[in-house]
Amino acid sequence: MEYVRRRFRVAVAALEHLVGGLGTAVLALGTLLGTLVVAAACVGGVGLLLVPGLLQAVRSVADRERTRLSRWGTPIPAPGPVPAGVRAALRDPVVRRELRWVAVHGTLGFGAGLLALVLPIYAVQDMTFPLWYRLVPPEAGAPGIGWWHIDGLGDALAVAVLGVGWLLLAVTTGPALARIQARSGRRLLPPPPGFDLSLRVAELTATRAAALDAHAVELRRIERSLHDGTQNRLVAVNVLLGAARRAVRRDPDRADEILERAQDAAEQALGELRTVVRGILPPVLGDRGLAGALAGLAAECAVPCRLSVDVDVRCAASVEATAYFVVAEALTNVVRHSGADGVEVVVRRERDRLLVTITDDGRGDADETRGSGLTGIRRRVEAYDGRMTLTSPPGGPTRMHVELPCGS
């Protein structure tokens with residue numbers, strides 16, 4: 001049973017990949033047809049004026065595929081702008097690879113996505129045929145098989161068996177079709193070997209700066225928490241102990257009262273100190289793992305929270321801590337700002353990436369510039385060379401998707 005569930009999950013994930021790839025394949029097919037039209041127009045010289053716009057369209061479609069593939073595996077860095085001038089652009093190796101990708105993805109990728117979409121439709125249509133075969137004239141034949149004359153329930157059940165075959169075919173071939181569809185993008189859309197790595201250097205420089213900023217912000221937060229909270233409590237304890245020492249001989253009853261206040265202040269200081277320690281690295285991560293720690297956050301959330309964690313192997317402590325803080329801050333934002341009736345947290349690991357998705361049904365229109373903690377989340381994620389994507393249209397829903405490197 002566990003094997004069947006695992007195969008079903010793999011098939012559903014492959015179908016999701018293929019449907020997403022079908023969307024970019026449709027765009028690539030349209031761009032490919034536009035390329036052929038422009039190439040034909042270039043014979044008369046008119047098409048040369050259309051080449052810059054066409055190359056921009058190719059780059060836009062390729063960037064969409066880069067973003068899609070980066071969500072499901074190793075990130076593919078986006079290149080710089082298309083070089084100015086037709087001759088320089090056509091000599092650019094990235095542009096040439098993108099044109100080759102448009103041709104392959106617009107044909108082979110489109111076919112793979114279409115086949116993956118048609119197989120489940122055929123399966124559902126044929127498996128349910130015994131329920132509605134009486135509505136079809138017998139001479140019309142089986143769905144999609146006009147020569148198969150349906151004489152009764154027996155023939156309808158045979159069609160249902162064929163539908164089961166379509167379903168098995170969809171489940172078994174889906175992952176392979178997804179790999180075939182993504183292969184051209186994985187081979188042609190990354191920068192070619194030996195290509196200028198200045199973009200990657202700039203990205204790493206920005207990441208290092210974000211890491212240093214996040215580290216400085218975290219140090220300021222810890223210092224502020226210790227100074228404004230724990231230190232003041234300990235100063236109060238010291239003052240109360242001094243007052244109690246002076247009152248021991250003169251007024252023992254008063255000394256007991258002062259010592260009781262000192263004990264309360266010490267307990268509050270210990271509580272605040274534990275809070276600061278948990279803010280540095282929550283002990284619950286080490287005790288219960290990421291799933292247990294997130295379950296605690298979901299249980300304590302004021303908004304009903306549905307949690308799904310599919311992480312078979314423990315990740316690095318820093319990765320788990322980052323994921324924990326992302327979810328904690330996101331749930332805090334949901335409670336404070338979203339007005340949502342429910343929130344869903346999905347955490348899963350795919351190859352060397354830990355994927356965290358938080359979705360709420362609130363009012364949406366979340367903006368990182370309004371001081372809602374989103375900037376802090378992005379800095380923490382990028383400091384670990386991760387990616388964060390926020391989608392929050394007015395009226396909702398709000399969806400935050402975070403990817404963190406989680407190599408073995």
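Residues numbered from 1 in each chain as written. Predicted model: local features only at pLDDT ≥ 70, side-chain atom pairs only at ≥ 80, totals over all residues. Heavy atoms only, no water.

Going by this rule: UniProt positions are given in the numbering used here, feature names are shortened, and annotations may be inferred rather than shown by experiment.
Under an unreviewed UniProt entry, the name given to the chain is histidine kinase, and the source organism is Micromonospora chalcea. According to the UniProt record, the Catalytic activity (unreviewed entry) comment for the chain reads "ATP + protein L-histidine = ADP + protein N-phospho-L-histidine."

**Here we look at the overall build of the chain**
Put simply, the rule is: The helix and strand labels rest on DSSP assignments: H or I over at least four residues marks a helix, E over at least two residues marks a strand, and numbering proceeds from the N terminus. Exposure categories follow from relative accessible area, calculated using a 1.4 Å probe and restricted to protein chains: below 20% of the type maximum is buried, above 50% is exposed, and the middle band is partly exposed. Any two residues whose heavy atoms approach within 4.5 Å at even a single point are treated as in contact. Calculation of accessible area relied on Shrake-Rupley with a 1.4 Å probe; when residues are assessed, cover is drawn exclusively from the protein chains displayed.
Tallying secondary structure elements over the chain gives 11 helices and five strands in all. By residue count, 36% of the 408 residues in the chain fall in the buried class. Taking the contacts inside the chain whose residues are at least 6 apart along the sequence as the reference set, 68% of them involve residues at least 24 apart. Counting only carbon and sulfur atoms, one obtains 61% of the accessible surface of the chain, whose full area is about 23,100 Å².

**Section: the pattern of salt bridges**
Close approach of charged atoms lets side chains of opposite charge pair. Rule in force here: Take a side-chain nitrogen of Lys or Arg and a carboxyl oxygen of Asp or Glu: if they are within 4 Å of each other, that pair is a salt bridge.
As enumerated under the stated definition, the model contains eight salt bridges in all. Among the salt bridges present, the one from Arg66 reaches Glu98, with a minimum N-O distance of 2.8 Å. Linking Arg66 in helix H2 (residues 51-72) with Glu98 in helix H4 (residues 93-127), this pair joins segments that are 32 residues apart in sequence. Per residue, the accessibility class of Arg66 equals that of Glu98, and both read buried. Here Glu344 ties to Arg306 by a salt bridge, and the two come within 3.4 Å at their closest N and O atoms. Highlighted residues: Glu344 in strand S2 (residues 343-350) and Arg306 in strand S1 (residues 305-310), separated in sequence by 38 residues. Residue Glu344 is classed as partly exposed on the basis of its relative accessible area of 29%.

**Remarks on the packing of aromatic side chains**
Stated formally: For Phe, Tyr and Trp, where Trp contributes only its six-membered ring, two rings pair if their centres lie within 6.5 Å, and the inter-plane angle classes them as stacked under 30 degrees, edge-to-face over 60, or tilted in between.
Counting across every chain of the model gives two aromatic pairs. Ring centres 5.6 Å apart and planes at 55 degrees place the aromatic pair Tyr122 and Trp166 in the tilted group. Of this pair, Tyr122 sits in helix H4 while Trp166 sits in helix H6 (residues 153-188), and the two are 44 residues apart along the sequence. For the pair Tyr324 and Phe325, a centre-to-centre distance of 5.7 Å together with 75 degrees between the ring planes defines the contact as edge-to-face.

**Here's the deal with the state of the cysteines**
Our working definition: Any two cysteine sulfur atoms within 2.5 Å of one another count as a disulfide.
For the coordinates displayed, the defined rule picks out zero disulfides. In this structure Cys301 is not part of a disulfide, and its nearest cysteine sulfur, from Cys305, lies 5.4 Å away. According to the relative accessible area criterion, Cys301 is buried, its value standing at 14%.

**A word on a positive patch on the surface**
Defined as follows: Nonpolar side chains (Val, Leu, Ile, Met, Phe, Trp, Tyr) within 5 Å and like charges within 9 Å form the patches, drawn only from residues with over 30% relative accessible area and no salt bridge. When charges are counted, Lys and Arg contribute as positive and Asp and Glu as negative, whereas His and the chain ends are disregarded. The atom standing in for a charge is NZ when the residue is Lys, CZ when it is Arg, CG when it is Asp and CD when it is Glu.
A contiguous patch of positive charge on the surface is contributed by Arg100, Arg179, Arg183, Arg187 and Arg351. Sort the elements by how many residues they give to the positive patch and H6 lands first, with three residues. In this structure, Arg179 sits in helix H6.

**What to know about the packing of H2 against H6**
Condition: All axes here are fitted lines through C-alpha atoms, helices being fitted over the stretch that makes contact, and every angle between N-to-C directions spans 0 to 180 degrees. Just so you know how the angles are binned, under 35 degrees is roughly parallel, over 145 roughly antiparallel, 65 to 115 roughly perpendicular, and the rest oblique. In this scheme, a crossing is called left-handed if the near helix is turned counterclockwise away from the far one by less than a right angle; it is called right-handed if the turn is clockwise. Only Asp, Glu, Lys and Arg are considered charged, only Ala, Val, Leu, Ile, Met, Phe, Trp, Tyr, Cys and Pro nonpolar, and every remaining residue, Gly among them, polar.
Contact pair H2 / H6: the axes reach a minimum separation of 10 Å and the direction vectors enclose 110 degrees. By the angle class used here, H2 and H6 are roughly perpendicular. Between H2 and H6 lies a crossing of left-handed hand. Residues Arg68, Leu69, Ser70 and Trp72 of H2 pack against Gln181, Ala182, Gly185 and Arg186 of H6. Tallied by class, residues from the contact of H2 with H6 come to three nonpolar, three polar and two charged.

**Thoughts on helix H10 (residues 317-338)**
Residues separated by three or four positions in an α-helix point in the same direction, a consequence of the helix having 3.6 residues per turn. What counts, and what does not: What a helix should span is 1.5 Å times the count of its residues minus one.
The end-to-end C-alpha distance of H10, which contains 22 residues, comes to 30 Å, matching closely the 32 Å that a straight helix rising 1.5 Å per residue would cover. Gly339 sits one or two residues past H10 and shows a positive phi near 65 degrees.

**Focus: the UniProt feature "transmembrane region" (unreviewed entry) in the chain**
Within the UniProt annotation, "transmembrane region" (unreviewed entry) is assigned to residues 12-30, 36-58, 101-123 and 156-178. In residues 12-30, the share of helix is 100% and the share of strand is 0%. The end C-alpha atoms are 27 Å apart. The span residues 101-123 shows a helical share of 100% and a strand share of 0%, and its end C-alpha atoms are spaced 31 Å apart.

**Some details on the side chain of Thr398**
Filter applied, for reference: Polar contacts here mean pairs of N or O atoms no more than 3.5 Å apart (in protein, one a potential hydrogen donor and the other a potential acceptor; neighbouring residues in sequence count only if both atoms are side-chain atoms).
With respect to the secondary-structure elements, Thr398 resides in strand S5 (residues 398-405). A polar contact is formed between the side chain of Thr398 and the side chain of Ser392, at a distance of 2.7 Å. Excluding anything up to four places from it in sequence, Thr398 contacts Ile358, Thr359, Asp360, Gly364, Ala366, Leu390, Thr391 and Ser392.

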